[in-house]
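So the chains spell out like this:
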Amino acid sequence: INAEYGGYNTGDATSGAAGNDHTKQYAFQYYASGPSKAEQSKLIVEWTNQHGCGGGPDSPHKTNCNLVVQMMCMSQGSASDYPTGQGNDATSRYERNIYMRDGTSTNTQNYNQPNKNEIKGDDWNTKNNNYNNRMNGNYQNVQTDRGLQETVWWYDMCRYREANGGLYRADQNLGKGTLGYIGSERTRQNNNGNRRGYECPEERDYYPYWQPTHQSEYVASSQRTPWIDMAYISGNSTDCDRVQEGTENQHGKYRCVPPAESTRRYDRWITEDACTENGGSWVMFHSFLEVIEAAGDEGECNNYKAKDKRNTITWMSLRSDSTEKKCVVQAPAPKCGQAPWTRVNHLGNSIDTQGNASRIEIDMPYFPSGIEKRCVMRLRYNITTDEFDNYGTDHADNEDQSNGVISPVEQDPIIDIAGQAKPLRLAMNTNQYGRTFQDRTHVFKVLPRTSAMDGKVINNLNVRGKRGNIVQTFPAVEYDFVPNKLTISQDELLHIQWTGSNTHNNGNNGGDGQTGDAGDGTGGTDRHNFLQMVRSDLNYPCPYENTTFWDMVESVSYPQATSLDIAVGYATSGYYCGYSNYGGCPAGNHVTDSNKEALNQQLNNAPASYFGHVLKFKKAGTCVYMASRNNNFTNRSQKGVLWVKPKSE
């Protein structure tokens, strides 16, 4: 399966394509969790895994598996911090290299690889000049219009760091890189050192990773975090002890820092002995969710610590070779448990999630500083076949015929089943015996809570899927709400929000889906809205005067909005922000004072994305709802049910 076809475009903020204007893109905006464990901002993460997972040790699967959910964040900053142009001044280059973005082009970022002149000999001036010239070129050539998650600094560190020789490589020949040794850009799965963005293949393929994942030296204004572990689930729940010990969230990781004479601040060596023997320092780096720069001393830091029951806050140094202490916020240990059971080569729903796709509920992070963040999330799916003892196999089992070592699995082996005259060949690819698949989100924002959200659970109700029928969207899915069945308490909050694109290209190779564009409204466009129905077995929404849901709710995000304002906004996907003027719905954008053209009946001129409202409930009740454009009477249905229970239940 070409998983690229299952991907989604960056959201558009309006009814037109964003094109080369990043300000017309839309990023999901989730409110953060609160400081107590009861103040969750709940998000459902869904996926399908091609080779199955879950079921425990007695499962009929042929594989062992685990799935890792991680986030990386940075401070949002102001609109002026978004990089523009290719300026060569220090500020422009820094912003271009550090600022996470989706970009307006799908081209991969540039990279010029290292060479032996940067490490050869004893003349530090020559080595530094060679390194500095190359990396200055790399920094300059990071393109503003291209997506960026990991940094070129991180990938260059990956190229310098030697591959872990303790790993099982079967009979794969990894070869040497441009520095004359096997670097961590080469793994058994990525034996030719192919580059995908600025991710490090060894760090992608192995978890928990043994070195820190910081993307740059610490800079207070941007606060680029390492990868933060959110969840780990597997077919073997006993893995949790190993994961809790290995997570970077609250456990420092060491790496080798070259001597002070070097301008390059990362090195080849991955053990303390090798590092110090070659003049380096073996330094522990601590992960951070954020650093509270407003806390100037330990006392002020402890004030934050006393209020935060979710994270770990410590007055400490970020690295072991520094005496400078800061108020460091570290994320809690990742959620850990059993993976939902799914059938091999099915890409279907799971029996362990009530017939839904494989999913896990995670809490959005809490940032005590109250600073808005921009983040990305990745989900890694690791599988290993049962044809060999994958827990008991390591580097000692790598193919080494000169010393009589034969790998437990070999590439396309010849077997003899009936004497030497009857050989058969098996189809075995040893770079896929133990394999990692990966998916990532676009950039999304995590907003600080308002005071009206204090003490409350926030439930995030979003959409999934894209334009097309079941064949055309495969291996993604058709439109639906997520979660489409939700039970909450009356004292909880609900944020209904969606995003969509105006430029789906379900064409032949090179498009973002299988060929075809089934659906209503303008081709290539996503549209959603939220309308109450009487019953879920019907396909007609209620007129406003017959609805009950809008009388149940008030807007926390826009308190001046009436029930009718909220209903109009959701019915029109924000084309009208309300029925009449209120704070957050300016003149010219509501029904009673609008110079706009009429709303298209299929929402063609409505925005593809809508932030919506955070709703609180005045009373309990049930709401059955639908999206009007995507509820085709033949086989497509975008509906959901919300049950709001009284506070006492």
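Here goes a summary of the coordinates provided. On a predicted model such as this, the values are computed, not experimentally measured, just so you know.

### Some points on the sheet that holds strand β21 (residues 485-489)
The four strands are arranged β21-β27-β26-β23 in an open sheet whose pairing can be described as mixed. Unpaired on one side and paired on the other, β21 and β23 (531-533) mark the two borders of the sheet. Sheet twist, expressed as the mean angle between neighbouring strand axes with direction ignored, is 30°. In terms of strand pairing, β23 meets strand β26 (residues 621-626) through three bridges, oriented antiparallel. Bridging across to β26, L531 finds its partner in M626.

### Observations concerning the nonpolar core
Judged by nonpolar contacts, the single largest core of 36 residues is most densely connected at V45, L67, M71, I362, M377 and F444. Only β4 (41-47), β5 (63-75), β6 (228-234), β11 (326-330), β13 (358-363), β14 (373-385) and β18 (444-447) provide two or more residues apiece to this core. Residues in contact with L67, not counting those within four places in the same chain, are W47, N49, C53, A231, Y232, I233, A339, L379, R380 and Y381. Membership of the second largest hydrophobic core comes to 28 residues, among which are F530, F549, A561 and Y610.

### Topic: unusual backbone geometry
Along the chain, Y207 connects to P208 via a cis peptide bond; the corresponding omega equals -10°. Looking at where P208 falls in the secondary structure, it is placed in the loop between α4 (201-205) and β6. Although it is not a glycine, L347 sits at a positive phi angle of roughly 55°. Take L347: it is sitting in the loop between β12 (335-338) and β13. A positive phi is found at Q354, a non-glycine position, where the angle reads about 55°. Within the secondary structure, Q354 sits in the loop between β12 and β13. Overall, Q354 belongs to the exposed group, its relative accessible area being 70%.

### Examining the layout of surface pockets
Within this model, the second largest pocket holds a volume of roughly 980 Å³. Residue lining of the second largest pocket: 37 residues in total, with N66, R242, T384, N390 and Y391 positioned closest to the centre. Those elements that place two or more of their residues in the lining of the second largest pocket are β5, α5 (239-246), β14 and β17 (435-440). Looking at the lining of the second largest pocket element by element, the count peaks at four residues for β5. Within the lining of the second largest pocket, the residues separate by chemical class into 13 nonpolar, 17 polar and seven charged.

### Examining the state of the cysteines
The final tally for this structure, using the stated rule, is seven disulfides. In this model C301 forms its disulfide with C327; the gap between the sulfur atoms is 2.2 Å. The chirality of the disulfide connecting C301 with C327 is right-handed, given an S-S dihedral of about 80°. Within this pair, whereas C301 is found in helix α7 (residues 298-307), its partner C327 is found in strand β11, the two being separated by 26 residues in sequence. Judged by its relative accessible area of 1%, C301 falls in the buried class. We note that C542 lacks a disulfide partner, and the nearest cysteine sulfur, in C623, lies 8.6 Å from it.

### Brief notes about the pattern of salt bridges
Per the counting criterion, the structure on display carries 24 salt bridges. Here E293 makes a salt bridge to K326, at a shortest N to O gap of 3.2 Å. One end of the pair, E293, is in the loop between β9 (290-291) and α7; the other, K326, is in strand β11, with 33 residues separating them in the sequence. Judged by relative accessible area, which is 16%, K326 ranks as buried. With its nearest N and O atoms 3.6 Å apart, the salt bridge here joins E554 to K616. Within this pair, whereas E554 is found in strand β24 (residues 553-555), its partner K616 is found in strand β25 (residues 614-617), the two being separated by 62 residues in sequence. Residue E554 is classed as partly exposed on the basis of its relative accessible area of 33%. On the basis of relative accessibility, which here comes to 37%, the residue K616 falls in the partly exposed class.

### Here we look at the sheet that holds strand β10 (residues 312-316)
One open sheet holds the three strands; their spatial order is β9-β11-β10, and the pairing between them is antiparallel. Edge positions in the sheet fall to β9 and β10, since each of these pairs with one other strand and no more. Two strands pair when backbone bridges link them, and β9 and β11 are joined in this way by two bridges, in the antiparallel orientation. Bridged to E290 within β11 is V329.

Conventions we followed
Each chain carries its own residue numbering, running from 1 in the written order of its sequence. Local features in a predicted model are, by the rule used here, given only for residues with pLDDT of at least 70; side-chain atom pairs are given and counted only at 80 or more, and totals for whole chains, interfaces and linings are based on all residues. With hydrogens and water excluded, all non-hydrogen atoms of the structure serve as input to the side-chain values. Paired strands, as defined in this entry, are two strands with at least two bridges between them according to DSSP. Runs of E in the DSSP output that reach at least two residues are strands. Runs of H or I that reach at least four are helices, and both are numbered from the N terminus. Only C-alpha atoms enter the line fits that serve as axes; for helices the fit covers just the stretch in contact. Angles between N-to-C directions range over 0 to 180 degrees. Take the buried residues of types Ala, Val, Leu, Ile, Met, Phe, Trp, Tyr and Cys, join any two whose side-chain atoms come within 4.5 Å, and each joined set is a nonpolar core. Three labels apply to residues, based on accessible area from a 1.4 Å probe with only protein chains included: buried if under 20% of the type maximum, exposed if over 50%, partly exposed otherwise in between. Here, two residues are considered to be in contact whenever any of their heavy atoms come within 4.5 Å of each other. Here a cavity denotes grid points, spaced 1 Å and computed from the protein atoms alone, that fit a 1.4 Å probe unable to get out, and a pocket denotes an open set having protein on both sides within 12 Å along at least 5 of 7 lines; residues with an atom within 4 Å of a point are the lining. Grid points are joined across faces, edges and corners, and a volume is the space filled by probe spheres set on the points. Basically, the charged four are Asp, Glu, Lys and Arg, the nonpolar ten are Ala, Val, Leu, Ile, Met, Phe, Trp, Tyr, Cys and Pro, and anything else, Gly included, counts as polar. In what follows, a disulfide is any cysteine sulfur pair within 2.5 Å. Any Lys or Arg side-chain nitrogen found within 4 Å of a carboxyl oxygen on Asp or Glu counts as a salt bridge.

Shape descriptors only; they carry no functional weight alone.
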